[in-house]
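An overview of the molecular structure
Spelled out from the first residue to the last, the chains are:
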Amino acid sequence: MNQATNGSLGKIIRCAVYTRKSTEEGQRQFTSLDAQREAAEAYIASQVHAGWCCLPDRYDDGGFTGGNMDRPALARLLSEIRAGQVDCVVVYKVDRLSRSLLDFARMMETFDKHHISFVSVTQQFNTATSMGRLVLNILLSFAQFEREIISERTRDKIAATRRKGKWTGGVPLLGYDLDPQAAMLKVNPKEAARVRAIFELYLQHRALQPTVRELARRRWRTKRRQSPHGDKRGGRPFTRSTLHRLLTNLTYTGNVRYRDKTYPGEQPAVVPLETWQRVQDLLRNNRGSVRGRVENRSGALLQGLLYCTACASAMTPTSSKRGGKRYRYYLCCGAHRRGRHNCPSGSIPAWAIEEAVLEQIQIRHPHVDVRTEAPGAQLRLVRLWIGRVDYDRAQNKVAIAFRPARSSVANAEGSSCTQESNP
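An account of the accompanying structure is given in this report. Bear in mind that the values here come from a model prediction, so they are computed numbers and not experimental data.

1. Here's the deal with the overall build of the protein
- Counting secondary structure elements, the protein contains 13 helices and 18 strands.
- When the 423 residues of the protein are sorted by exposure, 41% land in the buried category.
- Residue pairs at least 24 apart in sequence account for 58% of intrachain contacts in the protein once pairs closer than 6 positions are excluded.
- If you sum the accessible surface of the protein, you get close to 23500 Å²; carbon and sulfur atoms cover 50% of it.

And the structure:
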């Protein structure tokens, strides 16, 4: 064990107890997190003669894997270590801190840099000696090996379960309820009728956005469910993405998909296979609108910079083709997701707002004729000089927030400022 030493008489060694468990079950009762902390607190109390004291803050990661460092309590602990607020880290076992050799090495580097002692209550080793470091690496190797074996077994079990068409867990879909006795999906007749109506509505409107508007008019919402803790979840208005997920879910046909293969499922079909296939063909033909985004193939000057003032949403570049000619414009993402009746901005022609922005750039930087620059140079200059552009449809105004001027580029000094113009 790496003993945190009392370097000077009366020095207080601040000990942070870190706990982790991989599952979320029983989070509201006495769990292994509490058991780990009790054991660590008892050990710290046995070292009170050396000046050890337990910090009151809890660093508990419940429901997080030890295979990576994406854990909120661990991130907070490392942040406070860098801030000099911790002298010693105490864990119940080494694998509670990490099950990855690479991640553990990174954490040990941080500990060494800030002179942090590391203690495992149930495992005896001393990292001050070469033998202690060897024992620590062996323990971590076995912890990583155990994690990888568990992952392989879980993947194999899921694959075998899906091949048999069984339910492998997760949130039940609209149209189904979970039968806890048989661990399978059973049809909810009322919701199933609604799912079939949603498929028919999409075939009738032939696009996602009109279907979303119709679902909002009927006040139809996503699946309502209750968590094991009694919390109510779901029941939200449909958006393009949630509607698209529903329409493309193969489960409604009575089948299940694992990787790129389809297997007969145990659950009854809710939607006829031919109806589901017609919807997939239509979605495939409307693929551009299904994606909900347009790539910046034309070098849209204001992509990532333009925002709608009315609903505080970003505005994304898109285009349409009429009579063999392509028209570019910027579309409010809020109106795109929830329907244009929810936002007055809707869309604006790209040439109008881009021209307004270029005009303000020209006024601010008269030494550069930005309008005659090549498209690539224009895009680079706009990114260099513009921080944000806000479009107010109600007043038909554009507010441009310029970045702080750079003497080497703009030949001017000062801080960022906002200018308004009419597109």
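Here the narrative resumes.
2. Describing the nonpolar core
- Counting 28 residues, the largest nonpolar core has Leu302, Tyr330, Ile361 and Ile386 as the members making the most contacts within it.
- Ranked by residues supplied to this core, first place goes to helix α12 (residues 350-364) with five residues.
- Look past the residues within four positions of isoleucine 361 in its chain and what remains in contact with it is Val370, Val382, Trp385, Ile386 and Phe402.
- With 27 residues, the next largest nonpolar core counts Leu203, Leu250, Tyr252 and Val270 among its residues.

3. Things to note about the pairing of strand β16 (residues 386-392)
- In this sheet, β16 lies alongside strand β12 (residues 306-308) in parallel orientation, the contact comprising three bridges. Across the sheet, the residue bridging to leucine 306 is valine 389, located in β16.
- Between the antiparallel neighbours β16 and strand β17 (residues 397-402) lie four residues, among them asparagine 396 with a positive phi of about 55°.

4. So, the pairing of strand β14 (residues 325-332)
- Judged from the eight bridges that link them, strand β13 (residues 313-322) and β14 form a sheet pairing that is antiparallel. If you follow serine 319 over to β14, its bridge partner there is arginine 328.
- In sequence, β13 turns back onto β14 through a hairpin of two residues, with glycine 323 there showing a positive phi of about 60°.
- The pairing of β14 with strand β15 (residues 347-349) spans three bridges and is antiparallel. Note on β15: the bridge partner recorded for tyrosine 330 is isoleucine 348.

Cut-off values and rules
- All chains use their own residue numbering, which begins from 1 and follows the written sequence.
- A pLDDT threshold of at least 70 governs which residues receive local features in this predicted model, and a stricter bar of 80 or more applies before side-chain atom pairs are shown or counted, although totals over entire chains, interfaces and linings include all residues.
- Processing note: side-chain calculations cover all non-hydrogen atoms of the structure and skip hydrogens and water entirely.
- Only runs of H or I of at least four residues qualify as helices and only runs of E of at least two qualify as strands under DSSP, and these elements are numbered from the N terminus.
- Think of it in three bands: with a 1.4 Å probe and only protein chains considered, a residue is buried below 20% of the maximum accessible area for its type, exposed above 50%, and partly exposed in between.
- Residue contacts are defined here by distance: any two heavy atoms, one from each residue, within 4.5 Å place the two residues in contact.
- Per-residue accessibility takes into account occlusion by the displayed protein chains alone, with areas from the Shrake-Rupley method and a 1.4 Å probe.
- Here, the term nonpolar core denotes a set of buried Ala, Val, Leu, Ile, Met, Phe, Trp, Tyr and Cys residues that are joined through side-chain atoms within 4.5 Å.
- Each pair of strands is called paired provided DSSP finds at least two bridges between the two strands.

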